[in-house]
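Secondary and tertiary structure notes
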Amino acid sequence: ITLASGTAITIDSDTAVDFDGTIDMSESESGSTGILIGDVPDRTQALTLDGTIYVNDDYAADDTNDDDVTDAPWAEGTGRYGIHSVGTSPFKGDVAIASNLNVEGNQSYGIRFENLIDGDFTYDGAADIKGDDAIGIALDQGVTGDVYLSGSVGVLGKGGRAVVLNGDIGGALT
């Protein structure tokens with residue numbers, strides 16, 4: 001799937017999604033999203049991702065003071081997401097992500113679940129996130145089951161964070 005703006009895949013129903021492909025949103029506009037999970041009350045879902053997701057800009061940081069070190073800013077544009085689950089209704093089902101994620105943009109996210117995950121969350125991918133105040137993985141309302149974090153999460157930018165876990169975790173954190 002290749003796009004320059006908008007959302008590549010929208011999930012807004014009871015369904016199990018198993019994606020093992022490529023979403024290429026290179027040189028995308030601000031606000032672009034690879035996979036958007038809509039707010040659907042009482043839905044039951046499962047999400048398994050093994051592909052590659054690029055949601056980035058066409059900006060290349062430069063060495064502005066000739067010290068052989070690339071200088072900030074690291075990205076242009078804002079609000080890009082690799083995977084974004086929105087709303088207040090819980091995501092009911094397990095989430096397993098082994099994807100390669102490349103997201104560029106200030107205030108952007110590799111993976112963000114704004115809602116509670118009623119199930120397990122497993123991450124064993126590779127994320128490369130660039131931009132000021134960017135976050136690799138954000139689970140804003142917690143997880144009722146286990147949270148397993150493996151693989152790699154790299155974030156480059158002022159105020160950037162690799163993993164943000166808010167809310168309760170009902171099972172093990174490994």
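This text goes with the structure placed above it.
Quick look at the structure, then. For clarity, every value in this text was computed on a predicted model and none was experimentally measured. (Residues numbered from 1 in each chain as written. Predicted model: local features only at pLDDT ≥ 70, side-chain atom pairs only at ≥ 80, totals over all residues. Heavy atoms only, no water.)

1. Considerations on the overall build of the protein chain
Here is the rule we go by: Here a strand is any run of E in DSSP of at least two residues, a helix any run of H or I of at least four, and the numbering for each starts at the N terminus. Note on method: radius of gyration uses C-alpha positions; expected globular size equals 2.2 Å times residues raised to 0.38. The buried label goes to any residue with under 20% of its type's maximum accessible area, the exposed label to any with over 50%, and the partly exposed label to all in between, with areas taken from a 1.4 Å probe on protein chains only. In what follows, residue pairs with any heavy atoms lying within 4.5 Å of each other are defined as contacts. Note on areas: Shrake-Rupley, 1.4 Å probe, and residue coverage restricted to the protein chains presented here. Asp and Glu are treated as the negative residues and Lys and Arg as the positive ones, with His and the ends of the chain left uncounted. Positions of charges follow a simple convention, taking NZ of Lys, CZ of Arg, CG of Asp or CD of Glu.
Check the secondary structure of the protein chain and you find 0 helices and 18 strands. Computed over C-alpha atoms, the radius of gyration of the protein chain comes to 16 Å, within 12% of the 16 Å expected from 2.2 N^0.38 for 174 residues, which places it in the range of a compact globule. Along the three orthogonal principal directions, the C-alpha set of the protein chain runs to about 55 × 30 × 25 Å. Out of the 174 residues in the protein chain, the part that is buried amounts to 43%. Excluding contacts between residues fewer than 6 apart, the proportion of contacts in the protein chain whose partners are at least 24 apart in sequence is 79%. As displayed, the protein chain offers around 7700 Å² of accessible surface, 44% of which is attributable to carbon and sulfur atoms. Taken together, the 7 basic and 31 acidic charged side chains of the protein chain have centroids lying 7 Å from each other.

2. Structural notes on the sheet that holds strand β11 (residues 109-113)
Put simply, the test is: Two strands are counted as paired when DSSP detects at least two bridges linking them. Every axis corresponds to a line fitted to the C-alpha atoms, with the helix fit spanning only the stretch in contact, and the corresponding angles, defined between N-to-C directions, vary from 0 to 180 degrees.
Strand order in the open sheet formed by 6 strands is β1-β4-β7-β11-β15-β18, with parallel pairing between adjacent strands. Whereas interior strands pair on both sides, the edge strands pair on one side only; in this sheet they are β1 (7-11) and β18 (161-165). Neighbouring strand axes in the sheet, compared pairwise and without regard to direction, differ in orientation by 5° on average. Two elements, strand β7 (residues 81-85) and β11, share 4 bridges in a ladder whose sense is parallel. Paired with Y81 across the strands is Y109, a residue of β11.

3. Observations regarding the packing of aromatic side chains
Note the following rule: Note on aromatic pairs: the rings of Phe, Tyr and Trp (six-membered ring only in Trp) are paired at centre separations within 6.5 Å, and the planes decide the class, stacked below 30 degrees, edge-to-face beyond 60, tilted for the rest.
Scanning all chains against the criterion turns up 3 aromatic pairs. With centroids separated by 5.3 Å and ring planes inclined at 0°, the aromatic side chains of Y81 and Y109 adopt a geometry described as stacked. Highlighted residues: Y81 in strand β7 and Y109 in strand β11, separated in sequence by 28 residues. Here Y81 and Y109 have matching classes, each one buried. Ring geometry for F91 versus F113: centroids 5.7 Å apart, planes at 85°, classification edge-to-face. Note that F91 is positioned in strand β8 (residues 91-92) and F113 in strand β11, a separation of 22 residues in sequence. F113 shares its class with F91; the two are buried. Through a chain of ring-to-ring contacts, three or more aromatic side chains come together here, namely F91, F113 and F121.

4. Some words on the environment of Y148
Along the polypeptide, Y148 turns up in strand β16 (residues 147-149). Along the backbone, Y148 and G171 are 23 residues apart, and their C-alpha atoms lie at a distance of 10.0 Å.

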